[in-house]
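Secondary and tertiary structure notes
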Amino acid sequence: MMLSFAKMHGLGNDFMVVDGVTQPIFLNESQIIKLGDRHRGVGFDQLLLIEPPQQPDLDFQYRIFNADGSEVEQCGNGARCIARFVRNVGLTWKHKIRVGTMKGVLNLQIMRNGLVSVDMGEPRLEPGDIPLRYAQKELFYHVNLDGIDYQFGSVSMGNPHCVLTVDNVDETDVDKIGRQLTEHHLFPEGTNVGFMQKVSDSEIRLRVYERGVGETQACGTGACASAVIGRLQHQMENKIRVYLPGGHLHIDWGGVGETLKMMGPAELVYQGFIEL
Ligand SMILES: N[C@H](CCC[C@H](N)C(=O)O)C(=O)O
C-alpha cells in the first residue's frame, strides 16, 4: 500500500503527519518504529494520525505515536502542525478547529500572524491524574537518583510531565537524568522530563527529555508544563515566553482552574509517499 504523508515540524520537533480521513489506515507498533527510523524510514519524533471525529461537535480525532511506537495522550507541537495540515490538504476550510484526543478536546486556531494558537485545556495537578505515585499533591516532589536528591514539579497536560529547575540548562546532563526519571517507578506510565532555567518572571529556558523519544529540539506540552510549574513554584507571570533549543513558544495561563493557551509556529517541510 502507498501511504501519503506530510513531514512537518514545530520548532524542530518533527512529525510524520498521516491523513487517516481520506486514506483509512491501521499502523501497528513495528510499522511505526520502521517509519520513524531516521536512516531507513521517514524519521520523526512522533507520527500524527488524523481520523474522522468520534463526536458530532468535533472536526477530527488526533492520535499521537512516539518514535518507539507507543501511543500517547497529547502532543502540543503536533497539534499546531495538524491544524496547518488539515487546512493545507483541504480537509477543512475552518480557521478554528476542534480535535478529540485520548484525553480531552483541543481548540486550535490559525492566527493571522501565521502562528497557531492551541487551547490545551486545564493542567491537572493531582498525582492520580498525572499519574504520579505520591500520597498527596505537593508543590515540590522529591526523588533520589544514585544518591543525589532532586526536587521537581509534576503536572499532566494530558500527558505526564516532571519539571526540574536548574541553574543553567546548557550545563545539565539532560540525557542521564532524563533516562533515569522517564521510566522511574514514581511514574507508572513513564513521564516527559523538563529541565527549566528561570531567566526572568516571564521567560524560561527549557530542554526536554521526551518519553518514548529522548531529548527533542522542542516539546509543546513540556513548555506548557514548565510554565505551570514556573508560575506555581517561582511566582512567574501569566504570560511566559519559553525558549527551547529549536525556538520559542508563547504560553498564557491564568492559574489553577484556568485553561492554558500556547501559541507558536507549524512548518511543512515536504509531502511524500511511502510503500507500507
Ligand atoms: N513524548 C510525549 C508526546 C509528544 C510530546 C511533545 N512532542 C509535544 O510537543 O508536546 C509523551 O510521550 O507524552
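Residues numbered from 1 in each chain as written. Predicted model: local features only at pLDDT ≥ 70, side-chain atom pairs only at ≥ 80, totals over all residues. Heavy atoms only, no water.

Concerning unusual backbone geometry
Note the cis peptide between I130 and P131, where omega equals -10°. Its identity is not glycine, yet L11 carries a phi of approximately 55°, on the positive side. Summarising the element assignment, L11 is placed in the loop between β1 (2-10) and β2 (13-19). For L11, a relative accessible area of 10% translates into the label buried. Its identity is not glycine, yet D146 carries a phi of approximately 50°, on the positive side. Looking at the element boundaries, D146 is found in the loop between β9 (141-145) and β10 (148-156). (Helix = DSSP H or I, 4+ residues; strand = E, 2+ residues; numbered from the N terminus. Buried < 20%, exposed > 50% of the residue type's maximum accessible area, 1.4 Å probe, protein only.)

Here's the deal with the pairing of strand β12 (residues 192-200)
Where a strand is regular, its side chains alternate between the two sheet faces. As paired strands, strand β11 (residues 160-165) and β12 are joined by five bridges and run parallel to one another. If you follow T165 over to β12, its bridge partner there is M196. Following the backbone out of β11, through helix α3 (residues 174-182) and into the adjacent parallel β12, one traces a crossover that is right-handed. The sheet contact formed by β12 and strand β13 (residues 203-210) spans seven bridges and is antiparallel. Note that in β13 the partner of F195 across the bridge is R207. (Pairing = 2+ DSSP bridges. Right-handed = clockwise from strand over helix to strand, strands pointing away.)

Concerning the packing of aromatic side chains
Going through the model one piece at a time under the given rule, you end up with four aromatic pairs. Between F5 and Y270, the aromatic rings sit 5.9 Å apart at their centres with planes inclined by 75°, giving edge-to-face as the arrangement. Taken as a pair, F5 in strand β1 and Y270 in strand β18 (residues 267-275) lie far apart in primary sequence, 265 residues in all. Judged by relative accessible area, Y270 falls into the partly exposed class, the value being 36%. Three or more aromatic residues joined by ring pairs form one cluster here, namely Y134, Y141, F152 and F187. (Phe/Tyr/Trp six-rings, centres within 6.5 Å; stacked < 30°, edge-to-face > 60°.)

Here's the deal with the domain arrangement of the chain
The figure often quoted for interface size is the accessible area lost as the parts come together. What the domain assignment lists for the chain is domain 1 (2-121 + 265-275) and domain 2 (127-257). Domain 1 puts 19 residues into the contact, and the matching count from domain 2 is 22 residues. Here domain 1 and domain 2 share an interface that buries about 1,400 Å² over both sides, 52% of which is from carbon and sulfur atoms. It is L11, E73 and M120 in domain 1 that bury the most area against domain 2; as a group they hold 34% of the surface buried on that side. Along the contact surface separating domain 1 from domain 2 lie one salt bridge. Across the contact surface, domain 1 and domain 2 share five residue pairs in polar contact (both at pLDDT 80 or more). It is helix α2 (residues 76-88) that contributes the most residues to the side of domain 1 that touches domain 2, three residues altogether. (Domains from an automatic or database assignment. Contact = heavy atoms within 4.5 Å. Buried area = accessible area lost by both parts, 1.4 Å probe. Salt bridge = Lys/Arg side-chain N within 4 Å of Asp/Glu carboxyl O. Polar contact = N/O pair within 3.5 Å; in protein donor to acceptor, adjacent residues only side chain to side chain.)

Focus: the UniProt feature "active site" (unreviewed entry) in the chain
In the numbering used here, UniProt assigns the "active site" (unreviewed entry) feature to C75 and C219. Spatially, the listed residues are clustered: although they cover 145 residues, their C-alpha atoms lie within 7.9 Å of one another. Cross-referencing the annotated residues with the largest cavity identifies C75 and C219 as lining it. Looking at where C75 falls in the secondary structure, it is placed in the loop between β5 (71-72) and α2. With residues up to four places along the chain from it excluded, the contact list for C75 reads F15, Q46, Y62, I64 and T221. Inspection of the secondary structure puts C219 in the loop between β14 (214-216) and α4 (220-234). The residues touching C219, leaving out its near neighbours within four places in the chain, are N13, N77, H161, V208, E210 and L244. (UniProt positions renumbered as here; feature names shortened; annotations may be inferred. 1 Å grid on protein atoms, 1.4 Å probe; cavity = no way out; pocket = protein on both sides within 12 Å on 5 of 7 lines; lining within 4 Å.)

Quick notes on the UniProt feature "site: Important for dimerization" (unreviewed entry) in the chain
Those residues carrying the UniProt feature "site: Important for dimerization" (unreviewed entry) are Y270 in this numbering. If we ignore the near neighbours within four places in the chain, the residues touching Y270 are F5, A6, K7 and V42.

A few points about empty space enclosed by the protein
Here the structure, examined in full by the defined rule, presents one cavity of 30 Å³ or more. Within this model, the largest cavity holds a volume of roughly 100 Å³. What lines the largest cavity is a set of 16 residues, and nearest its centre among them are Q46, Q74, N159, E210 and T221. Taken together, the elements giving at least two residues each to the lining of the largest cavity come down to β4 (60-66), α2 and α4. Broken down by class, the residue content of the lining of the largest cavity amounts to four nonpolar, ten polar and two charged. (Points joined across faces, edges and corners; volume = space filled by probe spheres on them. Nonpolar A, V, L, I, M, F, W, Y, C, P; charged D, E, K, R; others polar.)

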